[in-house]
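For reference, the chains in residue letters:
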Amino acid sequence: MHKIDVGAKILQANEEIAQENKEIFKKHGVFTVNIMSAPGAGKTSVLEETIKRLKDEFAIAVIEGDLQTSVDSDRIKALGIPAYQITTGNVCHLDARMIHNALHDFKLDGFDILFIENVGNLVCPAEFYLGEDLRAMVYSVVEGAEKPKKYPLMFHEVEVVLLNKIDLLPYAGVEIDELKRNVLEVNPTAKIFPISCRTGDGLDEWINWFRNRVKRFKENVKS
Ligand SMILES: Nc1nc2c(ncn2[C@@H]2O[C@H](COP(=O)(O)OP(=O)(O)OP(=O)(O)O)[C@@H](O)[C@H]2O)c(=O)[nH]1
Ligand SMILES: [Mg+2]
């Protein structure tokens, strides 16, 4: 009997559409960021804080992925930023096809940055490349220092790890240095930013790094 690896086929098909998305993003000169995390780690909060600090410098758009509801896209629209909602029903991640379909309705002309907030899930989203330029994850420090080792996939697949909710460290009993060491054990080149969306701590460092990354991309697109 001939065995077919369905998982590999799905990922291969996804990769092909992701490459098409990448071309579309490139053609529009849009820097695209895929933001992933477990539910509630602070993806939308990071987006809100990042957008507030950069919206006068860059034209920003957002695609929101959620199982149900438009709660997050409503939060983004409240900042005066266009947001397109994808509701996945019971699918635990965004895939390249969903983004491709969204781009039929949601035009990228004139935007500098497209943020894609993925469905809250610490594992599945990392398997699906969407055609993005930057993969970032948000991790809530209160969930413990050992999680990078227990759930290594997303920590391994991203370029940036935002360690959010550091204002809660005194209550959580989590050692931030141990957490950082565990992230680096899984992904030695990860760029790590400890932040708090509540107090604003660490956000300047993240914003400066991100701004430079977008500027570098824009210069390369022009040349
Ligand atoms: N104390 C504290 N709370 C935070 C911080 N960042 C976010 N929160 C809170 O954490 C909760 C979840 O934040 P969201 O930004 O909605 O998280 P999310 O990852 O977008 O959630 P989903 O999209 O539902 O997966 C909210 O109640 C936020 O106010 C932080 O730095 N410190
Ligand atoms: Mg959210």
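Where an unreviewed UniProt entry is consulted, the protein chain appears under the name Hydrogenase nickel incorporation protein HypB, with the organism given as Candidatus Chryseopegocella kryptomonas.

Bringing the layout of surface pockets into the picture now. Roughly 180 Å³ of volume is contained in the largest pocket. In this structure, the largest pocket is lined by 16 residues; those nearest its centre are Pro39, Gly40, Lys43, Asp72 and Glu117. Put simply, the parts of the chain that give the lining of the largest pocket at least two residues each are α2 (43–54), β2 (60–66) and α3 (71–77). A total of three residues in the lining of the largest pocket trace back to one element, the largest contributor, which is α2. When its residues are assigned to classes, the lining of the largest pocket shows four nonpolar, seven polar and five charged.

Let us now look at the UniProt feature "domain: CobW/HypB/UreG nucleotide-binding" (unreviewed entry) in the protein chain. With numbering matched to this structure, UniProt assigns "domain: CobW/HypB/UreG nucleotide-binding" (unreviewed entry) to residues 33–193. Counted over residues 33–193, helix gives 34% and strand 22%. Its end C-alpha atoms are 16 Å apart.

With that settled, the discussion passes to the packing of aromatic side chains. Taken as a whole, this structure holds ten aromatic pairs when the rule is applied. Ring geometry for Phe106 and Phe111: centres 6.5 Å apart, planes at 10°, overall stacked. Across this residue pair, the class does not change: Phe106 and Phe111 are buried. Connected via pairs of aromatic rings, a cluster forms that spans Phe31, Phe115, Phe193, Trp206, Trp209, Phe210 and Phe217.

This brings us to the nonpolar core. Residues Val33, Ile51, Ile60, Val62, Phe115, Trp206 and Phe210 are the most contacted members of the largest nonpolar core, which totals 32 residues. For this core, the elements supplying multiple residues, two or more each, are β1 (31–36), α2, β2, β4 (113–117), β5 (134–140), β6 (160–164) and α9 (203–222). Per-element accounting of this core gives the leading share, seven residues, to α9. When neighbours within four sequence positions are excluded, Phe210 is seen to be in contact with Phe31, Val33, Thr50, Leu54, Ile113, Phe115 and Leu134. Ranked by size, the runner-up nonpolar core spans 21 residues in total, among them Ala126, Phe155, Ile166 and Val186.

Contact geometry for α2 and α9: axes closest at 11 Å, N-to-C directions at 65°. The orientation of α2 with respect to α9, classified from their angle, is roughly perpendicular. Of the two elements, α2 crosses α9, and the hand of that crossing is right-handed. Between α2 and α9, the residues in contact are Val46, Glu49, Thr50, Arg53 and Leu54 and Leu203, Trp206, Ile207, Phe210 and Arg211, respectively.

Rules used in this analysis
Starting afresh in each chain, residues are numbered from 1 along the sequence in its written order. Both sets of labels track the order of writing: A upward for chains, 1 upward for ligands. Where totals are concerned, whole chains, interfaces and linings use all residues; where local detail is concerned, this predicted model gives features only for residues with pLDDT of at least 70, and gives and counts side-chain atom pairs only at 80 or more. To obtain the side-chain values, all non-hydrogen atoms of the structure were used and water was disregarded. Buriedness for pockets is judged along seven lines, at least five of which must meet protein on both sides within 12 Å for an open set on the 1 Å grid over protein atoms alone, while cavities are sets there where a 1.4 Å probe fits but cannot get out, and lining residues have an atom within 4 Å of a point. Grid points are joined across faces, edges and corners, and a volume is the space filled by probe spheres set on the points. What counts as a helix is a DSSP run of H or I of at least four residues, what counts as a strand is a run of E of at least two, and both are numbered from the N terminus. Side-chain classes are defined by residue name, with Ala, Val, Leu, Ile, Met, Phe, Trp, Tyr, Cys and Pro counting as nonpolar, Asp, Glu, Lys and Arg as charged, and the others, Gly among them, as polar. UniProt positions are given in the numbering used here, feature names are shortened, and annotations may be inferred rather than shown by experiment. Centres within 6.5 Å are what make two rings of Phe, Tyr or Trp a pair, Trp counting through its six-membered ring; a difference in plane orientation under 30 degrees is then read as stacked, over 60 as edge-to-face, and the rest as tilted. For the exposure calls, accessible area comes from a 1.4 Å probe over protein chains only, and a residue counts as buried if that area is under 20% of its type's maximum, exposed if over 50%, partly exposed in between. Put simply, a nonpolar core is a bunch of buried Ala, Val, Leu, Ile, Met, Phe, Trp, Tyr and Cys residues held in one set by side-chain atoms that sit within 4.5 Å of each other. By definition in these notes, contact holds between two residues if any of their heavy atoms fall within 4.5 Å. Here the axes come from fitting lines to C-alpha atoms, over the contacting stretch only for helices, and the angles between their N-to-C directions go from 0 to 180 degrees. Angles below 35 degrees are treated as roughly parallel, those above 145 as roughly antiparallel, those between 65 and 115 as roughly perpendicular, and all remaining angles as oblique. Left-handed is the label given to a crossing in which the near helix is rotated counterclockwise from the far helix by less than a right angle, and right-handed is the label when the rotation is clockwise.

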